[in-house]
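# Summary of the model geometry
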Amino acid sequence: MEKFYITTAIDYVNGAPHIGHAYEKILTDVIYRHFTQRFDKTYFLTGTDEHGIKIQKTSAQNNMSPKELCDMNSQKFKDAWKALNVDYSQFIRTTDEQHEKVVQKIFKKLVEQGDIYKHSYKGLYCSGCECFLSEKDLTEDGLCPDHQKAPEIVEEENYFFKLTKYKDAIIKHIKTHPDFIVPSFRANEVLNQLENIEDISVSRATANVSWGIPVLDDPAQSIYVWIDALTNYITAIGYDPDGSSEKFKELWPATVQVIGKDILKFHSIYWPAILMALDLPLPEHLLAHGWITIDQTKMSKSLGNVISPETVMEAFNLTEPDSLRYYMASAAPCGKDGNYSDEDFKEKVNAHLANSMGNLLNRTLSMLVKYFEGDIKPEFLGKNELKEQALEAVKAVKHHFDYFEIQEAAQRIIELVDITNKYVTDNAPWTLAKEGQIEKCGIVLTNVLQVMTVIASLIYPFCPNIAKAMSEQLSYDINTKLDNITCEVLKSGHLIDKENIKPVFLRLDSELADKSKK
Ligand code: MSP
């Protein structure tokens, strides 16, 4: 039995989710759903990252307690993932009591074994990054390059983690596991960063940052974001230094941890070092995705171009998230930046999901009803000229997912749709029917419908509702494992009546789309 454990980054809760957060969760959900079609044991963890100075400040500005702000905003993330049909197995909040307790124990263990030590420190702290920066990280004007703000000078006695102790082991791991960092072109960046690493501060004075987990036996210090945040991946599933749960033993190490490229350093350097210090194996893959821009522009509050997934769904009057999921998950090649634009969204999903895929099913079923009263006759079976191509596509899509090439997988599915459409055009079943070649007509239609069952399975991770609607009309079990796909699942007998043929995806209304642009 193969297991598959996938995680996302946990989002900061000082605001509501935007389309960039949504991109990561959709991408992860698509990967997760694909692997549930292959493996028996799959698990998907997401959540929110709730401690730190930013939350403390934002909540004070809003006359709320930090916990109230976290409760309110964490719920917004849950609501958004529900609307997008993100089927996570577990949602962890770093304010969960269990997480806080285990983080304290982990910290204590690391202090006791000498991996964490106390040290007086003066440094440049960027609250946007929630980390200390060195002079060379700053712009010429002395600003944080990501937040365009001058860092504060912080002088404190903090706990430090001995990152440098693990430097050589991490370099060795990256070099001997070329598929650890995906895409692999990012591994060089990480190896360069590793050249200059120093030990890292892992606590802040509670007097300065009170919204954090207190260090056991030293409550004047709060455990600072990265030790708290990164360990969510193991505390959620039952890691405990005093004895972990069966679930943890079954799931860890993670198969793939999906994160944005901006936090790769923390996940490929800090996180492996913490795991090594805890004597735990490293995740198999870190998938660092690119960023989503809006109309080719970086999203930012100051530009006022931050859009939420709900805005898009409302603007296009979407009752199901499938089209947005399809568009976002296939927005960029693995690891590269992608872009969202209303125009492109409308064009792509109309072309792929409505005109090519939806219409193909609709008109084939309509012809089956028109010429054969919705029946598949025994003589239509067994001569499937498209089978090889459909099974080739299944193999190719699996291969793309194995390498996290999600855009390429989507393209390969649409290629199969195009091949099938061409088969219909080339064989013109309406002409065959007119010319009295009725058996040949039935064979062509049946072949197309057999391939449509394969297409339903392949598109399912991207568009679960559309796939279910397709499979219902084909009386096909959408839970079929990919390894059991035959392209001969439809048997002879009555398949469908006219009144049960429904479009599986409606074209996006162009007027509504235009309205959303204004
Ligand atoms: N809390 C940390 C992560 C801790 S993981 C142990 C964090 N939070 S975040 O809210 O700033 O970002 C959460 C995820 O969303 C990150 O993986 C980040 O890369 C991703 N994105 C944020 N903006 C994005 C885009 N515009 N586009 C794509 N992903 C983006 O970092």
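For the structure itself, consult the block above.
An account of the accompanying structure is given in this report.

Right, let's talk about unusual backbone geometry for a bit. The general pattern is negative phi for most residues beyond glycine and trans for most peptide bonds. Following V182, the chain continues to P183 via a peptide bond in cis, the omega torsion being -5 degrees. Among the secondary structure elements, P183 is positioned in the loop between β8 (181-182) and α6 (185-195). That bond from W252 to P253 is cis: its omega, 5 degrees, falls within 30 degrees of zero. Relative to the elements of secondary structure, P253 occurs in the loop between α9 (246-251) and β13 (256-260). Unlike most non-glycine residues, F404 shows phi in positive territory, near 60 degrees. Considering the arrangement of structural elements, one finds F404 in the loop between α14 (387-402) and α15 (406-427).

Let us now look at the sheet that holds strand β6 (residues 131-133). Judged by pairing direction, the sheet is antiparallel, and its four strands sit side by side in the order β6-β5-β7-β9 without closing on themselves. Two strands bound the open sheet, and with one partner strand each, they are β6 and β9 (200-201). Judged from the three bridges that link them, strand β5 (residues 116-126) and β6 form a sheet pairing that is antiparallel. Bridge pairing in β6 links Y125 to F132.

Applying the stated criterion across every chain yields a total of 26 salt bridges. The partner of K108 in a salt bridge is E112, and the shortest N-O contact between them spans 3.9 Å. In this pair, K108 and E112 both sit in helix α4 (residues 97-112), four residues apart, roughly one turn of the helix. With relative accessibility at 33%, the residue K108 sits in the partly exposed group. With relative accessibility at 60%, the residue E112 sits in the exposed group. One salt-bridge network, in which partners are shared between bridges, spans E50, K67, D71 and R93.

Further remarks concern the pairing of strand β4 (residues 90-93). Side chains Q90 and I92 of β4 all project onto a buried face; the interleaved residues F91 and R93 project onto the opposite face, where all are buried too. Inspection of the sheet shows strand β3 (residues 41-49) paired to β4 by four bridges, in the parallel sense. Note that in β4 the partner of T48 across the bridge is R93.

It is worth spelling out the packing of aromatic side chains at this point. Taken as a whole, this structure holds 29 aromatic pairs when the rule is applied. On the basis of an interplanar angle of 70 degrees and a centroid distance of 6.0 Å, the ring pair of W252 and W271 is categorised as edge-to-face. Highlighted residues: W252 in the loop between α9 and β13 and W271 in helix α10 (residues 264-277), separated in sequence by 19 residues. Look at W252 and you get buried, because its relative accessible area is 7%. An aromatic cluster is built from Y5, Y43, Y233, Y239, F248, W252 and W271, whose rings are joined through pairwise contacts. Over the ring of Y12 we find K54, and its NZ or CZ is 4.4 Å from the ring centre. Cation over ring: R204 sits above Y125, and NZ or CZ is 4.3 Å from the ring centre.

Moving on: the site of the ligand. Taken together, 24 residues form the shell around the ligand, and within it I10, E24, D49, D262 and I292 come nearest. At a separation of 3.4 Å, a nitrogen atom of the ligand approaches a polar backbone atom of G20. Contact with the protein chains removes 94% of the 660 Å² of surface that the ligand exposes when unbound. Secondary-structure elements contributing two or more residues to the shell around the ligand are β2 (11-12), α1 (19-36), α7 (225-230), α8 (232-235) and β13. The class makeup of the residues in the shell around the ligand is twelve nonpolar, eight polar and four charged.

Along the chain, F91 turns up in strand β4. In this structure F91 touches T46, G47, T48, S74, F77, K78, W81 and D96, once residues within four positions along its chain are discounted.

Looking now at α14. Because each turn of an α-helix spans 3.6 residues, side chains separated by three or four positions end up pointing in the same direction. Given a rise of 1.5 Å per residue, 16 residues ought to cover 22 Å, and the 23 Å separating the end C-alpha atoms of α14 matches this to within 8%. Every buried residue of α14 is accounted for by A390, A393, V394, A396, V397, K398, H400 and F401. Lining the buried residues of α14 we find α1, α15 and α17 (438-459). F404 lies just past α14 and shows a positive phi near 60 degrees.

The antiparallel open sheet is built from three strands, whose spatial order is β10-β12-β11. What marks the edges here is a single partner per strand, and that holds for β10 (203-205) and β11 (213-215). Direction aside, the axes of adjacent strands within the sheet are offset by 50 degrees on average. With three bridges connecting them, β10 and strand β12 (residues 218-223) associate as antiparallel partners. Bridging from a neighbouring strand, R204 pairs with S222 of β12. Its contacts with the sheet put α4 on β10, β11 and β12, and the angle it makes with β11 is roughly 25 degrees.

So, how was this worked out
Residues numbered from 1 in each chain as written. Predicted model: local features only at pLDDT ≥ 70, side-chain atom pairs only at ≥ 80, totals over all residues. Heavy atoms only, no water. Helix = DSSP H or I, 4+ residues; strand = E, 2+ residues; numbered from the N terminus. Pairing = 2+ DSSP bridges. Salt bridge = Lys/Arg side-chain N within 4 Å of Asp/Glu carboxyl O. Buried < 20%, exposed > 50% of the residue type's maximum accessible area, 1.4 Å probe, protein only. Phe/Tyr/Trp six-rings, centres within 6.5 Å; stacked < 30°, edge-to-face > 60°. Lys NZ or Arg CZ within 6 Å of the ring centre and 35° of its normal. Near = heavy atom within 4 Å. Polar contact = N/O pair within 3.5 Å; in protein donor to acceptor, adjacent residues only side chain to side chain. Areas by Shrake-Rupley, 256 points an atom, 1.4 Å probe, with all protein chains shown as cover. Nonpolar A, V, L, I, M, F, W, Y, C, P; charged D, E, K, R; others polar. Contact = heavy atoms within 4.5 Å. Expected span 1.5 Å × (residues − 1). Axes fitted to C-alpha atoms, helices over the stretch in contact; angles between N-to-C directions.

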